[in-house]
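Overview (structure and organization)
Here's the letter readout for the chains.
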Amino acid sequence: MSAERQRRHLVVRGVVQGVGFRPFVYTTAAELSLSGSVANDSSGVIIDIEGTPADLDEFIRRLRDRPPPLAVIESIDRITVAVRGGTGFHIVDTTRADGGRTLASPDVAICADCAAELADPTDRRHRHPFINCTNCGPRFTIITDLPYDRSRTSMADFPMCSHCTAEYTDPTNRRFHAQPIACPDCGPRLTYTAVPLSAATTDDRSRLSRSGRSEPETAGATHSNDGVQPTSDGPNPSLPAAHRAPSPTSDAAAALTAARELLREGGILAVKGIGGYHLACDATNEDAVATLRSRKRRGDKPFAVMVADLATARAIAEVDDIAAALLSGPQRPIVLLARKAPISYAATSHATLGSRTHALASPVGRGIVGLGDLLEGDRADSSPSAAREGHGQYARGTATPTGAEAPGRPESRGLDRGAIALAPSVAPRNPDLGVLLAYTPLHLLLFGLPGDPPGPQVLVMTSGNLGGEPICYDDEDAGTRLAGLADGWLSHDRRILTPCDDSVLRVVDGIELPLRRSRGYAPLPLTLPVPVPPTLAVGADLKNTCAVGDGRYAWLSQHIGDMDDLATLRAFGFAAEHLAELTGVAPTQLVVDAHPGYRSTAWARTHAEGRLVRTVQHHHAHIAAVMGEHGLGAAETVAGIAFDGTGFGPDGAIWGGEVLAAGYKGYRRLAHLRYVPLAGGDTSVHRPYRMALAHLRSADLPWSDTIASVAACPADERAVLTHQFDTGLGCTPTSSMGRLFDAVASLAGVRHTVDYEAQAAIELEAIARGVDPGAGTYRFALDHTADPAVIDPAPVVAAVVRDAGHGVPAAVIAARFHHAVARLVLDLARDFAPPPTTVALSGGVFQNALLLSAARTLLRDNGFPIITHRRLPPNDGGLAFGQLLAGAG
Ligand SMILES: [Zn+2]
Ligand SMILES: [Zn+2]
């Protein structure tokens, strides 16, 4: 027998640290009676393994085919070495070798095993808000450096007790080398603090007094399990129990009870999560949600909601199998889902929202109220049956059931699951709902375990920040910036080292479409089809992410945000630096967008320190991103259709309706949407009626008062616009498809002013969904005599005006317009993508599920090879990846 033995030296690369890989190797070796050792180093996991050739083959097969759920195996290198004998198998301590690289794991939602322990009264971690194991818990947000060891995380602040040490060092335990291991004896401490009302904004005191809360007595009450004394003078029998001073036995449970009670009463709670603070309130309480909206200065932008389990998600939204898998996967993103019940647009009170733009918005109401009937019809087809495409390295993640149906969740509570009515202010005039499942033990406890006085069933869960600013994650910073936003704080003393917002995605034709790639995904690497030198790409100024690349790997940062203030710029610098540290990439060059006014570009030039700064045109980067995502090679070219809001063109115009013949190395502009004047830049972005007037003029159509957009534009503003269009003063030509959506939304009477990016397009999509466009069709004109060719929207604009004038419902106009844009994509492919050219779709406009689905179907039915995004956002959140490929290759 021993004569047959062999010894092999294996190097396993990929996401193999902090994911339970070494215990898995240990138990697999033990099952097969193999001897040897396993160790982490900075290049991955090193395995020395000895046994019969058959057993060794089986060992490698299991490594490759059945790794731990969170592991991503990139490669297994093997060489045969001299047999050494021996019987035992050992786990060797971590070493750090040069020349290699290991990959940090993203944060992982609580797993089913830990959720079960959390709810088990006999378990020593029963109700422990920081329960985790090798398969779950925080990673990216608590790591300072690699290799991933407790000493390099913020858990270093909490020395392990003897119980935890025993589990941590036992290779057969599921907490073996789980770096954030903790228990009630040695883990972080939960704290609840009520905010004195005088410190909060005062415009909503009446709401709180209506809800029965008396002000002075609650001030400063603190519940904590580490003995913090309350500042109030002791129990007041007139107050609910949770708001009295803590009893000597007060602990995490008391803090949670108080937090749940605040939420039940309609208060706003700041909750310290995995990647930062959230602001939470009862999503069924209109007063609470409207207050949060006004305190956050949120405008109309929808809030996401959190629920404890899939059953509750199904009570508020349409959840098919694919959505269920995404909602309950270890990444736990926010998933945009069709609402269960059609919303009553009429119920949305503009007055409640207090938006600065609503004075101009009255025609919007006329356009939308009454479409509820039309929307009802579309609920049935929200579960397209198209086969799901491959998901590469992420497939395992989304398919893994973890604590989705959280054990211990009181499904038997007896409430009618079909009857949860959300407050209108959660997502005004939006038929979709951003839903996510509880992803930390603290969230599950916030909803309540069996026997707890329950909290709300559905919570608004929004990033803890003021509109536009980065998420708060540092306690001191949160204390300052969130003061006045929250009525109570549920916090703890584990430091968050890296902020990370929730990820957002939607499902289109059964395929996931990321809208924001952040928590749960960052910093998972993406492979590059062509090698790049060590490079930092800084992205764009909206929905910013940055990326580093080296060789065949790229790492995209978490979502950083809109670079319109200093705090975001600082957050950007920190993220770029941290990403470089974590990946070991020392960039020798930087890649920036061509826009001369971008803060990201300015940041790169300031921080270049003599390194080369390369510039990539915005839409070239978009097309390179989708090419790279699909692994296209260095020699390949595509017909890239980039439909976007804004991007700087080398001719000084604002591009955004582009057809490019593109490879990584360069592009040629084949066609673009005909230029119209963008008067006053951002002003016209915020007021779609101005874009409508620009398109009317460009189409030689009179500004008749019977047109909704013209009526929406004040007369003096019309006069100024006329002058601007006549003289070109303050006007930039734009070919933006995003702005054409704005114009059509206004011409159809759907929306004349916007409160957040793409609001008009989102509402146009919303009302068009499921609506039969009928016999009427719109058609773009294509002028091939010009080079680049010109796509003329004038016939479409004229048809929209004609339909609107004839009383055709806005929803039908919206449906006809979507169909026309999809048809345009097909026409462009026919003109510019001779077989076998691949058609690549990218840019923010392709977040539109209706358009993406229709365009993809038309292209496929007509035999065009097509690539679209499924791992990266089509918006600027995916731009840095494309910059790496287009700028660094
Ligand atoms: Zn776990
Ligand atoms: Zn412990």
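Parameters and conventions
Residues numbered from 1 in each chain as written. Chains lettered and ligands numbered in written order. Predicted model: local features only at pLDDT ≥ 70, side-chain atom pairs only at ≥ 80, totals over all residues. Heavy atoms only, no water. Helix = DSSP H or I, 4+ residues; strand = E, 2+ residues; numbered from the N terminus. Buried < 20%, exposed > 50% of the residue type's maximum accessible area, 1.4 Å probe, protein only. Contact = heavy atoms within 4.5 Å. Areas by Shrake-Rupley, 256 points an atom, 1.4 Å probe, with all protein chains shown as cover. Arc of directions from axis to C-beta. Axes fitted to C-alpha atoms, helices over the stretch in contact; angles between N-to-C directions. Parallel < 35°, antiparallel > 145°, perpendicular 65-115°, else oblique. Left-handed = near helix turned anticlockwise from the far one by under 90°. Nonpolar A, V, L, I, M, F, W, Y, C, P; charged D, E, K, R; others polar. Donors = N, O, S within 2.8 Å, 3.2 Å for Na, K, Ca; no water. Tetrahedral: all angles 85-135°; square planar, octahedral: opposite > 155°, others 65-115°. Salt bridge = Lys/Arg side-chain N within 4 Å of Asp/Glu carboxyl O. Pairing = 2+ DSSP bridges. Core = buried A, V, L, I, M, F, W, Y, C linked by side-chain atoms within 4.5 Å. pLDDT = per-residue confidence, 0-100.

With that settled, the discussion passes to the overall build of the chain. When helices and strands are counted, the chain shows 29 helices and 29 strands. Burial status across the chain gives 61% buried among its 889 residues. Counting only contacts in the chain whose residues sit at least 6 apart along the sequence, the fraction spanning at least 24 positions is 74%. Carbon and sulfur atoms make up 53% of the accessible area of the chain, which totals about 30,900 Å².

The set of residues buried in helix α18 (residues 599-606) consists of S600, T601, W603 and A604. Down the axis of α18, the buried side of the element spans an arc of 160°, and every buried residue falls inside it. Packing partners of the buried residues in α18 comprise β17 (525-537), α17 (566-583), β19 (589-593) and β20 (612-616).

Further remarks concern the packing of helix α24 (residues 737-747) against helix α26 (residues 794-805). Two elements in contact, α24 and α26, have axes separated by 10 Å at closest approach and are oriented at 20°. Compared by their axis directions, α24 and α26 come out roughly parallel. In terms of crossing hand, the pair formed by α24 and α26 is right-handed. Residue-level contacts link L740, V744 and L747 of α24 to V797, V800, V801 and A804 of α26. Counted by class, the contact of α24 with α26 contains 7 nonpolar, no polar and no charged residues.

It is the contact of α24 with helix α27 (residues 810-832), at a shortest axis distance of 12 Å, that shows an interaxial angle of 155°. Judged by the inter-axis angle, α24 sits roughly antiparallel to α27. Pair α24 / α27 crosses with right-handed handedness. Touching M737, L740, F741 and V744 of α24 are F817, H818, V821 and L824, all from α27. Across the contact of α24 with α27, the residue classes tally to 7 nonpolar, 1 polar and no charged.

So, about the coordination of the zinc ion (ligand 2). Note on the zinc ion (ligand 2): its protein donors are C161 (SG), C164 (SG), C183 (SG) and C186 (SG). The metal-donor distances range over 2.2 to 2.3 Å. Taken together, the 4 donor atoms surrounding the zinc ion (ligand 2) define angles of 103 to 116° at the centre, an arrangement classified as tetrahedral. Mapping the donors of the zinc ion (ligand 2) onto the primary sequence gives the spacing C-x2-C-x18-C-x2-C. Taken as a pair, C164 in helix α4 (residues 162-168) and C183 in the loop between α4 and β6 (190-194) lie far apart in primary sequence, 19 residues in all. Of the residues examined, C164 reaches a relative accessible area of 0% and is grouped as buried.

With that settled, consider the pattern of salt bridges. Where charged atoms from two side chains of opposite charge come close, those side chains can pair. All told, the structure shown has 43 salt bridges when counted by the stated rule. Of the charged contacts in the structure, one is a salt bridge between R5 and E50, with a shortest N-O distance of 3.3 Å. Highlighted residues: R5 in the segment before β1 (6-15) and E50 in strand β3 (residues 44-51), separated in sequence by 45 residues. The partly exposed category is assigned to R5, whose relative accessible area is 24%. By relative accessible area, E50 is classed as buried at 0%. Close ionic contact of D509 with R856 constitutes a salt bridge, the shortest N to O distance being 3.6 Å.

This part is about the sheet that holds strand β18 (residues 547-556). Read from one edge of the open sheet, 4 strands run β18-β17-β19-β20, paired in mixed fashion. Every interior strand has two partners, whereas the edge strands, β18 and β20, have only one. The mean angle between the axes of side-by-side strands here comes to 60°, regardless of whether they run parallel or antiparallel. Two strands pair when backbone bridges link them, and β17 and β18 are joined in this way by 7 bridges, in the antiparallel orientation. Its bridge partner being in β18, V532 is matched across the sheet by G551. Of the strands in this sheet, β17 and β18 touch α17, which is tilted by about 145° from β18.

Counting 146 residues, the largest nonpolar core has F59 and L490 as its most contacted members. Examining the composition of this core, we find that 16 residues originate from one element, α27, more than from any other. Discounting chain neighbours no more than four positions away, the residues touching F59 are L10, V25, T28, A29, L32, L34, I47 and I49.

Before going further, it helps to examine the coordination of the zinc ion (ligand 1). Taken together, C111 (SG), C114 (SG), C133 (SG) and C136 (SG) make up the full set of protein donors to the zinc ion (ligand 1), lying 2.2 to 2.3 Å away. What the 4 donor atoms of the zinc ion (ligand 1) show is an angle range of 104 to 118° at the metal, which sorts the shape as tetrahedral. All donors to the zinc ion (ligand 1) come from one chain, and their sequence spacing reads C-x2-C-x18-C-x2-C. Highlighted residues: C111 in the loop between β5 (89-91) and α3 (112-118) and C133 in the loop between α3 and α4, separated in sequence by 22 residues.

Another aspect to go through is unusual backbone geometry. Here D787 and P788 are connected by a cis peptide whose omega angle stands at 0°. In this structure, P788 sits in the loop between β26 (781-783) and β27 (789-792). Residue P836 is bonded to the preceding P835 through a cis peptide linkage, with omega at 5°. With respect to the helices and strands, the residue P836 is situated in the loop between α27 and β28 (838-842). In this structure, D700 takes a positive phi of about 60° despite not being glycine. In this structure, D700 sits in the loop between α21 (688-698) and α22 (708-712).

This paragraph deals with the pairing of strand β13 (residues 458-463). Counting buried residues along β13, 6 of its 6 residues qualify, which places the element largely inside the surrounding structure. The sheet contact formed by strand β9 (residues 277-282) and β13 spans 5 bridges and is antiparallel. Opposite C281, over in β13, you have V460 as the bridge partner.

Here we come to the confidence of the model for the chain. Low pLDDT means the predicted coordinates in that region are not meant to be read closely. When pLDDT is averaged along the chain, the result is 84; 83% of the residues meet or exceed 70. When the criterion is pLDDT under 50, residues 96-100 qualifies, and its contacts beyond four places in sequence or with other chains add up to 8 contacts.

Take the sheet that holds strand β4 (residues 72-81) next. Neighbouring strands of a sheet are bound in pairs by backbone hydrogen bonds; such pairs are parallel or else antiparallel. Spatial strand order, β4-β1-β3-β2-β5: 5 strands in an open sheet with mixed pairing. This sheet does not close on itself; its edge strands, each paired only once, are β4 and β5. Strand-to-strand twist in this sheet, taken as the mean axis angle between neighbours without regard to direction, amounts to 15°. Bridge count between strand β2 (residues 35-41) and β5: 3 bridges; the pairing is parallel. Directly across from G36, in β5, lies its bridge partner F89. The strands touched by helix α2 (residues 53-65) are β1, β3 and β4; relative to β1, the strand with the most contacts, the crossing angle is about 5°.

Within the element layout of this structure, Q724 appears in helix α23 (residues 715-727). Excluding residues within four positions of it along the chain, Q724 makes contact with A679, G680, R690, L729, G730 and C731.

Our next topic: the environment of T191. Structurally, T191 can be placed in strand β6. In this structure T191 comes out as buried when scored by relative accessible area, which is 19%.

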